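Each chain, written out:
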Amino acid sequence: MKLAIFGADGAMGRLIAGIVAGDPEIQIVGAFTEPNAPTVGTDIGVLVGKKATGTMIGDSTGLDKKIKACKPDVAIDFTVAKATEENAPVVVKNGVKMVIGTTGLSQEFMDDFKLLVEKHNAPSIVASNFAVGMNLFMKVAGEVAAALEGWDAEVIEAHHNRKKDAPSGTALTIADVISKAWDKKLEDVAKYGRPKGPCPRKKGTAELGIHAIRAGDIVGDHTVLFAGPGERIELKHVAHDRSCFASGAVKAAKFLVASAKEPRMYSTREVLGV
Ligand SMILES: NC(=O)c1ccc[n+]([C@@H]2O[C@H](COP(=O)([O-])OP(=O)(O)OC[C@H]3O[C@@H](n4cnc5c(N)ncnc54)[C@H](O)[C@@H]3O)[C@@H](O)[C@H]2O)c1
């Protein structure tokens, strides 16, 4: 499998490069970062403390030519929303499959990307969380929400102080699962944070509180709290380190290359086997 990594020198990109550099089934043929990054020109294998791969980190300018030259089967992207929205269309237009983990992407991009995937026969996946346990957590949260009619629910997430978007993409996906289980649209039930002052829940109206904490080096905590009369349930997922996301993304890339035959967007349930 020939792989390109976008955000190769970022926290996620380095982990992914570290996993695949030791995998005999995978060859890193492209490694991209932002223009003027100090890592440009460094061998991606050397950057992550492994053997040299012969693939130097490049910037993502003039990307079409670079993708045509290195011909990956699949690309993994963990960058920033602006970069993904610029780079991903160029990649799929070349028929290259994509695993996108970047969060904060616009709905407009998602709609256009889906059409490009179908048109250029590049089965791909975009997911806010590639951890196997979190994907099971989402399934369970949906089932609990559907079973507990009339209970209040709140989603609380905590992440490191460098995180650019809030609330996390994962919290939004969890909130979307819960609102669907309630047969509602997320935009009709979501309440982002609670401002100072009177802010009671409206009786008889579905409301889903969503709260973000940004502190220290927290990798990623997500709690869903369901509260009914006299009792509550808390579901909690804690990511101890980012390797759970990185290994899930590599698993997804392998799935797309080996098994995804239809020109469409795939889901984490399909590619992670949850
Ligand atoms: N889906 C998941 O499971 C999951 C897990 C963890 C993080 N994330 C998301 O992944 C993204 C990256 O997270 P991180 O912690 O690795 O961030 P990071 O800041 O450590 O890395 C971001 C990388 O993007 C690169 N970049 C910026 N502009 C670029 C461009 N134009 N072309 C190519 N590369 C460019 C930067 O150079 C950097 O290497 C975030 O959106 C985060 O929310 C998703």
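J.: When you look at the pattern of salt bridges in this model, what are you seeing that I'm missing?
T.: Opposite charge on two side chains makes pairing possible when the charged atoms of those side chains draw close. Inspection of the entire model under this criterion finds 17 salt bridges. With a closest N to O distance of 3.3 Å, Lys114 and Glu118 form a salt bridge. Pair noted here: Lys114 and Glu118 are both in helix α5 (residues 107–119), with a separation of four residues, about one helical turn. Glu154 is the salt-bridge partner of Arg194, the closest N and O atoms lying 2.4 Å from each other. Taken together, the positions of Arg194 in the loop between β8 (190–192) and β9 (208–214) and Glu154 in strand β7 (residues 152–159) put the pair 40 residues apart, joining distant regions of the chain. Residue classification places Arg194 among the partly exposed positions, given a relative accessible area of 31%. Taken together, the shared-partner salt bridges in this structure form one network comprising Asp152, Glu154, Arg194, Arg201 and Glu207.

J.: Sorry, what's going on with the sheet that holds strand β11 (residues 231–238) here?
T.: Picture the strands of a sheet paired through backbone hydrogen bonds; they go either parallel or antiparallel. Taken in spatial order, the five strands of this open sheet run β8-β9-β7-β10-β11, and their pairing is mixed. Pairing within the sheet leaves two strands with one partner each, and these edge strands are β8 and β11. Shown here is a sheet whose adjacent strand axes are inclined to one another by a mean of 20°, direction ignored. As judged from the three bridges shared by β8 and β9, these two strands associate in the parallel manner. Residue pairing in the sheet places Lys191 in a bridge with Gly209 of β9.

J.: Honestly, the domain arrangement of the protein in this entry has me stumped. Any pointers?
T.: When the parts of a complex come together, some accessible area is lost, and that lost area is often taken as the interface size. Split into domains, the protein comes out as domain 1 (2–129 + 242–272) and domain 2 (132–238). If you average the C-alpha positions of domain 1 and of domain 2, the two centres end up 29 Å apart. Of the residues lining the interface, eleven residues belong to domain 1; the matching set on domain 2 comes to 14 residues. Approximately 1,100 Å² of surface area, both sides summed, lies buried where domain 1 meets domain 2, with 48% of it carried by carbon and sulfur atoms. Along the contact surface separating domain 1 from domain 2 lie eight residue pairs in polar contact (both at pLDDT 80 or more). For the side of domain 1 that touches domain 2, the element with the highest residue contribution is helix α10 (residues 268–272), accounting for three residues. Looking at side-chain class alone, the side of domain 1 that touches domain 2 contains four nonpolar, five polar and two charged residues.

J.: Would you explain the side chain of Thr102 in this entry?
T.: Structurally, the position occupied by Thr102 is in the loop between β5 (97–100) and α5. Separated by 2.6 Å, the side chains of Thr102 and Asp77 make a polar contact. In this view, Thr102 contacts Asp77, Phe78, Thr79, Val80, Ala81 and Thr84; residues no more than four positions away in its chain are not counted.

J.: I keep staring at the nonpolar core and nothing clicks. Help me out?
T.: When a protein is soluble and globular, its nonpolar side chains tend to lie buried together. Judged by nonpolar contacts, the single largest core of 55 residues is most densely connected at Ile16, Ile76, Val99, Ile178, Leu208 and Phe226. By residue number, the principal contributor to this core is helix α9 (residues 243–259), which donates seven residues. Those residues in contact with Ile16, other than ones at most four positions away along the chain, are Ile5, Ile76, Phe78, Ala246, Ala249 and Val250.

J.: Would you mind going over the sheet that holds strand β6 (residues 125–126) with me for this structure?
T.: An order of β3-β2-β1-β4-β5-β6 is seen for the six strands of this open sheet, with the pairing classed as parallel. Unpaired on one side and paired on the other, β3 (57–59) and β6 mark the two borders of the sheet. Bridging between strand β1 (residues 2–6) and strand β2 (residues 27–33) involves five bridges; their strand directions are parallel. Following the sheet pairing, Leu3 is matched in β2 by Ile28. The strands touched by helix α1 (residues 11–21) within the sheet are β1, β2 and β4 (74–77), with β1 carrying the most contacts at an inclination of about 160°.

So, how was this worked out
By convention here, each chain's residues receive numbers from 1 onward along its written sequence. The predicted origin of the model limits local features to residues at a pLDDT of at least 70 and limits the giving and counting of side-chain atom pairs to 80 or more, whereas totals for whole chains, interfaces and linings rest on all residues. Note that water and hydrogens are dropped before the side-chain values are worked out from all heavy atoms of the structure. What counts as a salt bridge is simple: a side-chain nitrogen of Lys or Arg found within 4 Å of a carboxyl oxygen of Asp or Glu. Strands here mean DSSP runs of E at least two residues long; helices mean DSSP runs of H or I at least four residues long; both are numbered from the N terminus. Only protein chains enter the accessibility calculation, which uses a 1.4 Å probe; a residue whose area is less than 20% of its type maximum is buried, one above 50% is exposed, and one in between is partly exposed. In this description, strands pair whenever DSSP reports at least two bridges between them. For helices, the fitted line uses only the C-alpha atoms of the stretch in contact; every axis is such a line through C-alpha atoms, and the angle between N-to-C directions lies from 0 to 180 degrees. Start and end points for every domain follow an automatic or database-based domain assignment. The contact definition used throughout considers only heavy atoms, calling two residues in contact when any of these lie within 4.5 Å. By buried area we mean how much accessible surface two parts lose on assembly, using a 1.4 Å probe and totalling the loss over both. Counted as a polar contact is a pair of N or O atoms within 3.5 Å, where, for protein atoms, one must be capable of donating a hydrogen and the other of accepting one, and residues adjacent in sequence contribute only when both atoms are in side chains. When residue character is reported, Ala, Val, Leu, Ile, Met, Phe, Trp, Tyr, Cys and Pro are called nonpolar, Asp, Glu, Lys and Arg charged, and the others, Gly included, polar. Only buried residues count toward a nonpolar core. Its members are Ala, Val, Leu, Ile, Met, Phe, Trp, Tyr and Cys residues joined through side-chain atoms within 4.5 Å.

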